[in-house]
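Listed here are the chains, written in short residue letters.
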Amino acid sequence: MSLQLRLFGGGQTAAGKLNASNDGSHAIDKSKVLAQTDALVITPKTPGNFSSIRSVPVVPDPRYFTKEEADAMKGLAKEKTDGARQSKRVYKFLTKIEAADKTVHQQHRKYEGAVAENELGKKRADVGLAKKLHSMHPGYARLGLGIDKADSDARTRIDEIKAKLTGGSN
């Protein structure tokens, strides 16, 4: 099997035989076409959990804080501010990666569409050739019969000449 067929597959079944001709049916499964690329992807049918982040509990009532609490909150605020800055960078990068993945996905589907369209064109050409070859059968049959007749006529003529030269006996 050629390297190209091993890499990209061929029009053969596991048994190595060519697939049966297409009768116009299809194997496009709508659920597969519309399936999520990942179970965690947000879609109208899987809208996510609307979770949020809360680093500190809500203070339900007015109150006074101690110096220790204020110092701890200052340190936590600094840590969370830096974490937010880093998170913002990461989400920016994740967004770029998602956009790149989408571009690759779209281009691959565009390529697959071109392959499918060109395959149909190739099959149309094959069918056209098959029809043309079938239409040539009568012509080839006539040619074959003409050759058979010429052979028969030649043998008859040879037999006549032999008979004349040998005096009528073989």
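What counts and how
Residues numbered from 1 in each chain as written. Predicted model: local features only at pLDDT ≥ 70, side-chain atom pairs only at ≥ 80, totals over all residues. Heavy atoms only, no water. Helix = DSSP H or I, 4+ residues; strand = E, 2+ residues; numbered from the N terminus. Buried < 20%, exposed > 50% of the residue type's maximum accessible area, 1.4 Å probe, protein only. Areas by Shrake-Rupley, 256 points an atom, 1.4 Å probe, with all protein chains shown as cover. Salt bridge = Lys/Arg side-chain N within 4 Å of Asp/Glu carboxyl O. Patch = residues over 30% accessible without salt bridge, like charges linked within 9 Å, V, L, I, M, F, W, Y side chains within 5 Å. Lys, Arg positive; Asp, Glu negative; His and termini not counted. Charge placed at Lys NZ, Arg CZ, Asp CG, Glu CD. pLDDT = per-residue confidence, 0-100. Expected span 1.5 Å × (residues − 1).

Novice: I tried to follow the overall build of the protein chain on my own but got confused; where do I start?
Specialist: Each helix and strand in the protein chain was counted, giving four helices and zero strands. In the protein chain, the order of α-helices and β-strands from amino to carboxyl end is α-α-α-α. Each of the 170 residues in the protein chain was classed as buried or not, and the buried ones make up 0%. By element, 61% of the accessible surface of the protein chain is carried by carbon and sulfur atoms, the whole surface being about 16200 Å².

Novice: Please clarify how the pattern of salt bridges should be interpreted in this entry.
Specialist: Two side chains with opposite charge may pair up if their charged atoms get near one another. Tallied over the full model, the rule gives eight salt bridges. Among the salt bridges present, the one from Asp71 reaches Lys67, with a minimum N-O distance of 3.0 Å. Taken together, the residues span about one helical turn, with Asp71 and Lys67 both in helix 3 (residues 67–135) at a distance of four residues. Given a relative accessible area of 42%, Asp71 falls into the partly exposed group.

Novice: Explain a positive patch on the surface to me, please; I cannot follow it from the model alone.
Specialist: Together, Lys88, Arg89, Lys92 and Lys96 make up a region of like positive charge exposed at the surface. Tracing the backbone shows Lys88 in helix 3. Overall, the relative accessible area of 66% leaves Lys88 in the exposed class.

Novice: What's the story with the confidence of the model for the protein chain in this structure? I'm lost.
Specialist: The predicted model of the protein chain averages 89 in pLDDT, with 85% of residues at 70 or higher. Per-element confidence in the protein chain ranges from a low mean pLDDT of 58 for helix 1 (residues 3–8) to a high of 97 for helix 3.

Novice: I would appreciate a short explanation of a nonpolar patch on the surface in the present structure.
Specialist: There is a patch of nonpolar side chains on the surface, built from Leu129, Leu133, Met136, Tyr140 and Leu143 and spanning about 530 Å² of accessible area. Taken together, the elements giving at least two residues each to the nonpolar patch come down to helix 3 and helix 4 (137–166). Within the secondary structure, Met136 is located in the loop between helix 3 and helix 4. Looking at Met136, the relative accessible area reads 33%, which means it is partly exposed.

Novice: Teacher, can you tell me more about unusual backbone geometry here?
Specialist: Residues other than glycine predominantly adopt negative phi, and peptide bonds predominantly adopt the trans conformation. The phi dihedral of Phe50 falls on the positive side, at around 55°, and the residue is not glycine. On the basis of relative accessibility, which here comes to 73%, the residue Phe50 falls in the exposed class.

Novice: Before we go on, may I ask you to explain helix 4 in this structure?
Specialist: A turn of α-helix holds 3.6 residues, and therefore any two residues three or four places apart point the same way. Its 30 residues give helix 4 an end-to-end C-alpha distance of 43 Å, which sits within 8% of 44 Å, the value for a rise of 1.5 Å per residue. Two residues or fewer after helix 4 comes Gly167, characterised by a positive phi angle close to 85°.

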